[in-house]
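# Commentary on secondary and tertiary structure
In case you want the letters, here they are:
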Number of protein chains: 2
Amino acid sequence: MHQIRKPYLLFLGDVTSDIFAKTAHGLKDWCPEDCVAQWRLPDATVDLGLPDLAPGDAAAAGARSLVVAVAPIGGALPAHWVPAITMAVAAGLDIVSGMHGALADVPAIAAAARQHGVALHDVRQPPAAIPIATGRRRSGRRLLTVGTDCALGKKYTALAIAREMQRQGFDATFRATGQTGILIAGSGLPMDAVVSDFVAGAAEMLSPDAPADHWDIIEGQGSLFHPAYAGVTLGLIHGSQPDAMVLCHEPGRTRINGYPDYPVPSLAEAIQGFEAAARLTNKAARVVAISLNTARLTDTQREQAIAAATAETGLPAFDPVASGIAAVVGGFAGALDHAA
Amino acid sequence: MHQIRKPYLLFLGDVTSDIFAKTAHGLKDWCPEDCVAQWRLPDATVDLGLPDLAPGDAAAAGARSLVVAVAPIGGALPAHWVPAITMAVAAGLDIVSGMHGALADVPAIAAAARQHGVALHDVRQPPAAIPIATGRRRSGRRLLTVGTDCALGKKYTALAIAREMQRQGFDATFRATGQTGILIAGSGLPMDAVVSDFVAGAAEMLSPDAPADHWDIIEGQGSLFHPAYAGVTLGLIHGSQPDAMVLCHEPGRTRINGYPDYPVPSLAEAIQGFEAAARLTNKAARVVAISLNTARLTDTQREQAIAAATAETGLPAFDPVASGIAAVVGGFAGALDHAA
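A quick note: this is a predicted structure, and the numbers were derived from the prediction, not measured.

### What to know about the overall build of chain A
The secondary structure content of chain A amounts to 11 helices and 15 strands. For 340 residues, the compact-globule estimate of 2.2 N^0.38 gives 20 Å, and the C-alpha radius of gyration of chain A, at 20 Å, lies within 12% of that figure. Relative to its 340 residues, chain A shows a buried fraction of 57%. Put simply, 76% of the contacts in chain A that link residues at least 6 apart link residues at least 24 apart.

Here it is in C-alpha cells:
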C-alpha cells in the first residue's frame with residue numbers, strides 16, 4: 001500500500017488551465033495543511049494561491065514529497081518536466097505521480113532516485129502483493145460510499161463524512177481507493193488498477209481489523225448500475241464489508257454518464273441493489289443516508305430534492321457541499337453505535 | 001487476444017504425477033485432433049498415450065506450437081526445462097505457456113524466439129489494449145455458464161454445450177476465459193488476470209458482433225456468491241450480455257469451496273441473482289438450464305438430483321459428463337431461436 005510522506009510541494013508544470021489542475025485544487029481544498037508550496041515552470045498560469053518555492057527552498061520549509069499535481073495532455077510525462085523532477089529528487093524530495101507512465105520507467109528519474117535515496121510513488125499502481133479475499137469478518141466499523149453512477153461525489157462525500165465524524169469525536173479514518181484520494185490521505189489503493197481476481201482482497205487490505213469503535217470511511221468506485229465498472233464496485237463492496245453505505249446521487253441525472261442507453265436507477269432500486277450485494281459479506285449492511293450532488297440546482301430546487309429523497313427512501317438526505325452534514329452524520333453514526 | 005497456432009506438441013517435462021498434468025489431459029480429452037504428440041524428458045512417468053516425438057520430428061509431423069502442458073511445482077519454469085524449450089524454438093515451434101512467469105522474461109528463450117521468428121504465448125497474460133466496455137448491444141446470440149460456486153464445471157459445461165450445438169447444426173463457438181480453455185480453443189482471454197476496470201470490456205472483445213443465428217458459448221468464471229471473485233463474475237456477465245445462462249451446481253456442496261462461512265445458494269436464489277445481474281445489459285437474459293456435477297453421486301442419486309433440480313426450478317437439468325445433453329441443448333436452443 002502506498003505510504004506517502006507529507007507535506008507536499010505541488011508541481012504545476014507549465015499548465016495554463018485549471019482543468020488540468022483538478023488534483024492540485026483537490027489537495028489544496030482537502031489538505032491545505034499538507035501543502036507547503038507550489039512550484040511552477042515559467043509558462044504556467046494556474047495559481048493555487050500557495051507560496052511559490054523551488055524544491056530546495058520547499059525542502060528547507062519542511063516539504064517531504066513533490067506531487068505532480070497536474071495532468072499533462074495525453075497523460076504522459078512531458079520530456080521537459082524530467083529535469084524539473086530530477087531537481088526535486090536532488091533536493092531530497094520523494095516524487096509522487098498520478099500519471100499513466102511509471103516514474104521508474106524514466107531512466108533519468110530512476111537513476112536520480114537511486115543516487116539520492118528517495119522514493120518514487122506512482123499512485124495509479126497498486127502494490128505487488130495483494131492477497132485473495134478471505135471473506136473473514138473484521139473488527140471495527142466500516143462505511144462505504146456508493147453511487148447511482150460514476151462521477152457524482154463518492155470521494156467528496158467520504159471525505160466530508162470522515163472529517164465531520166472526526167470533528168464530532170468519532171475515531172474515523174478516510175480510506176482512499178483512487179489516485180486523488182490517495183494523495184489527500186497519503187495512503188490507499190487504486191482499485192481500478194487492481195487485477196480483477198484481487199479487488200475484494202485489496203479492499204480487505206485497505207481497511208484491516210481495527211478497534212471496535214473505529215470507523216473506516218471508504219471511498220467508493222463506479223456503480224453497480226454501470227455497464228463497464230459494476231464488477232469493480234461489487235468487489236470493493238464485498239471486500240469492504242460495510243456496516244453502513246451512503247448512497248450518492250445527482251438529482252436530474254437520468255442516464256449513466258456517457259452511456260445514454262443506460263438509465264440511472266431510482267434511489268429505491270439502488271438501495272435494494274446495494275444492500276443485496278453487500279449482505280453477501282455483511283448481513284447487517286444497510287444504506288443509512290443519501291448524499292445529493294445539487295451543484296446544478298437553485299437553493300429552492302436543492303431543498304426540494306433533499307425533501308424528495310427523504311420522502312422516497314425514509315433516510316436522511318444532504319448535500320455535503322451545500323448543506324451541513326453535522327446532524328446527518330451524528331444521527332446515523334449514533335444510531336449505528338447504538339445498534340452495535 | 002491470444003491466437004495460438006495448432007496443432008500442438010504437448011511438453012510434459014519430467015513430471016511424475018497426473019495432478020501436475022491436468023492441462024495436458026484436458027487438451028487430450030477436448031481436442032485430441034489438435035494433439036500431434038507428447039514430448040517427455042527422461043524422468044517423466046506421465047503418459048497421455050500419444051506418440052513420443054522430439055520437436056524436430058513433431059514439426060515434421062505438422063505440429064506448430066509446443067504447449068508447456070504441465071504445472072511445475074511452484075508454478076515457475078524449472079531451469080532445466082529452458083534448453084528443451086529453446087530446442088523446440090529452434091525447430092520452428094511457437095511456445096505456449098500457462099505458467100506464472102512470462103516466457104519472454106527468460107533471456108535464452110526470448111533470444112531464441114527472436115532468432116527463429118516464433119511467437120511466445122503466455123496464456124495467463126491478457127492482451128495490452130483492452131477497451132472500456134461500451135454497453136452497446138451486439139448482434140448474434142450468447143450463452144454464458146454461471147455457477148453457484150467456483151470449480152464445479154463451468155468450463156466443461158460450456159465446452160460440452162458448444163460441441164453438442166455444433167453437432168446439431170448450430171453455428172456455435174466456444175469462447176475461453178481461462179488458461180485451459182484458451183489452450184483448447186486456441187484463442188481467448190484470461191479474465192482473472194484483466195485489470196478490474198477492463199473486465200466487462202474484455203468480455204465484449206471476446207464475443208464480438210456475429211451473424212444473427214451465431215451462438216457464442218462463453219466459459220464462466222467465479223460466482224456472484226463468492227466473497228473473493230464475484231466482481232470478476234459480474235464484469236464477465238455484463239460484458240457478455242448473455243441471452244441465455246446455464247447454471248452450474250454441485251448437489252450436496254453446501255459451503256463455498258474454501259470459505260466455510262459462506263453458504264452455497266439454492267438454485268432459486270442463484271437464478272434470481274444471476275438474472276437480476278445480467279439484465280443490466282440484456283433485458284432478455286435468463287437461465288435456461290441447470291448443469292449438475294454429479295461425479296460424487298451414485299446413478300440413483302444422480303437421477304434424483306436431476307429430477308429435484310427440475311422440480312425446484314422448472315428448468316431442464318443434466319450432467320454434461322454422465323447424462324446426455326442432446327435433448328436439453330436442442331430444447332433450449334430451439335426455444336430461444338423461436339423466441340428471437
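Text resumes after the structure shown.
### Comments concerning the pairing of strand β11 (residues 244-249) of chain B
All names here are of chain B. Extensive coverage of β11 is indicated by the burial of 6 of its 6 residues. Burial of the side chains of β11 extends over both faces: Ala244, Val246 and Cys248 are buried on one face and Met245, Leu247 and His249 on the other. Pairing geometry for strand β7 (residues 141-147) and β11, over 5 bridges, is parallel. Within β11, the position partnered with Leu144 by the bridge is Met245. Pairing of β11 with strand β14 (residues 286-292), which is carried by 6 bridges, proceeds in the parallel orientation. Looking at β14, one finds that Ala244 is bridged to Arg286.

### Observations regarding the packing of aromatic side chains
Applying the stated criterion across every chain, the model contains 10 aromatic pairs over all chains. Note on Trp30 of chain A and Tyr156 of chain A: the rings are 5.0 Å apart at their centroids and 75 degrees apart in plane angle, and the pair reads as edge-to-face. Of this pair, Trp30 of chain A sits in helix α1 (residues 22-30) while Tyr156 of chain A is found in helix α5 (residues 154-167), placing the two residues 126 residues apart along the sequence. Plain terms: the ring middles of Phe11 of chain B and Trp81 of chain B are 5.3 Å apart, the flat faces sit at 90 degrees to each other, and that makes the pair edge-to-face. Here the residue Phe11 of chain B occupies a position in strand β2 (residues 8-13), and Trp81 of chain B occupies one in the loop between β4 (65-68) and α3 (82-90), the gap between them amounting to 70 residues. Residue Phe11 of chain B is classed as buried on the basis of its relative accessible area of 0%. On the basis of relative accessible area, Trp81 of chain B is assigned to the buried category, the value being 1%. Ring pairing ties together the aromatic residues Phe11, Trp39 and Trp81 of chain A, which thus form one cluster.

### Brief notes about the sheet that holds strand β4 (residues 65-68) of chain A
All names here are of chain A. Across the sheet, 5 strands lie side by side as β3-β2-β4-β5-β6; this open sheet has parallel pairing. Unpaired on one side and paired on the other, β3 (35-40) and β6 (120-122) mark the two borders of the sheet. Taking the axes of each pair of neighbouring strands and ignoring which way they run, one obtains an average angle of 20 degrees across the sheet. Where strand β2 (residues 8-13) lies against β4, 4 bridges are found, and the strand directions are parallel. If you follow Tyr8 over to β4, its bridge partner there is Ser65.

### Quick look at the interface of chain A and chain B
The interface of chain A with chain B comprises 29 residues on the first partner and 29 residues on the second. Taken over both partners, the interface formed by chain A and chain B buries close to 2300 Å², and the fraction arising from carbon and sulfur atoms is 57%. The interface formed by chain A and chain B holds 0 salt bridges in total. In this assembly, chain A and chain B are joined by 11 residue pairs in polar contact (both at pLDDT 80 or more). Counting only elements with at least two residues in the side of chain A that touches chain B, the list comes to α7 (199-206), α8 (230-240) and β13 (259-263) of chain A. Looking at the side of chain A that touches chain B, the element that brings in the most residues is α8 of chain A, giving 6 residues. Split into classes, the residues belonging to the side of chain A that touches chain B amount to 19 nonpolar, 8 polar and 2 charged.

### Regarding the side chain of Arg142 of chain A
Residue and element names in this part refer to chain A. Topologically, Arg142 is positioned in strand β7 (residues 141-147). Within the buried core, Arg142 has no salt-bridge partner, and the shortest N-O distance to an opposite charge, that of Asp216, equals 4.3 Å. A polar contact is formed between the side chain of Arg142 and the backbone oxygen of Gly140, at a distance of 3.3 Å. Ignoring anything within four residues of it in the chain, the contact list for Arg142 reads Ser207, Pro208, Asp209, Ala210, Trp215, Asp216, Ile218, Ser240, Gln241, Pro242, Asp243 and Ala244.

### Regarding the packing of α8 of chain A against helix α9 (residues 267-278) of chain A
Residue and element names in this part refer to chain A. Packing of α8 against α9 brings their axes to within 9 Å, and their N-to-C directions diverge by 55 degrees. Taken together, the axis directions place α8 and α9 in an arrangement best described as oblique. Contact residues: α8 offers Thr233, Leu234, Ile237 and His238, while α9 offers Phe274, Ala277 and Ala278. Of the residues contributing to the contact of α8 with α9, the split by class is 5 nonpolar, 2 polar and no charged.

### Points about unusual backbone geometry
All names here are of chain A. Of note, the bond from Lys6 into Pro7 is cis; its omega dihedral lies within 30 degrees of zero at -5 degrees. Here Pro7 is to be found in the loop between β1 (2-3) and β2. Even without being glycine, Gln241 reaches a positive phi, approximately 50 degrees. The residue Gln241 is located in the loop between α8 and β11 (244-249) in this model. Looking at Gln241, the relative accessible area reads 2%, which means it is buried.

### What to know about the domain arrangement of chain A
Residues and elements named next belong to chain A. When cut into domains, chain A gives domain 1 (2-122) and domain 2 (141-339). Here the C-alpha centre of domain 2 lies 30 Å away from the C-alpha centre of domain 1. Listed per partner, the contact involves 14 residues of domain 1 and 14 residues of domain 2. Each partner contributes to the roughly 1200 Å² buried at the junction of domain 1 and domain 2, and carbon and sulfur atoms together form 62% of this total. On the domain 1 side of the interface with domain 2, the three residues burying the most area are His2, Thr23 and Trp30, jointly 53% of the side's total. Between the two partners, domain 1 and domain 2, sit 0 salt bridges. At the boundary of domain 1 with domain 2, the tally comes to 4 residue pairs in polar contact (both at pLDDT 80 or more). Taken together, the elements giving at least two residues each to the side of domain 1 that touches domain 2 come down to β1 and α1.

So, how was this worked out
- Residues numbered from 1 in each chain as written.
- Chains lettered and ligands numbered in written order.
- Predicted model: local features only at pLDDT ≥ 70, side-chain atom pairs only at ≥ 80, totals over all residues.
- Heavy atoms only, no water.
- Helix = DSSP H or I, 4+ residues; strand = E, 2+ residues; numbered from the N terminus.
- Rg over C-alpha atoms; globule rule 2.2 N^0.38 Å.
- Buried < 20%, exposed > 50% of the residue type's maximum accessible area, 1.4 Å probe, protein only.
- Contact = heavy atoms within 4.5 Å.
- Pairing = 2+ DSSP bridges.
- Phe/Tyr/Trp six-rings, centres within 6.5 Å; stacked < 30°, edge-to-face > 60°.
- Axes fitted to C-alpha atoms, helices over the stretch in contact; angles between N-to-C directions.
- Buried area = accessible area lost by both parts, 1.4 Å probe.
- Salt bridge = Lys/Arg side-chain N within 4 Å of Asp/Glu carboxyl O.
- Polar contact = N/O pair within 3.5 Å; in protein donor to acceptor, adjacent residues only side chain to side chain.
- Nonpolar A, V, L, I, M, F, W, Y, C, P; charged D, E, K, R; others polar.
- Lys, Arg positive; Asp, Glu negative; His and termini not counted.
- Parallel < 35°, antiparallel > 145°, perpendicular 65-115°, else oblique.
- Domains from an automatic or database assignment.

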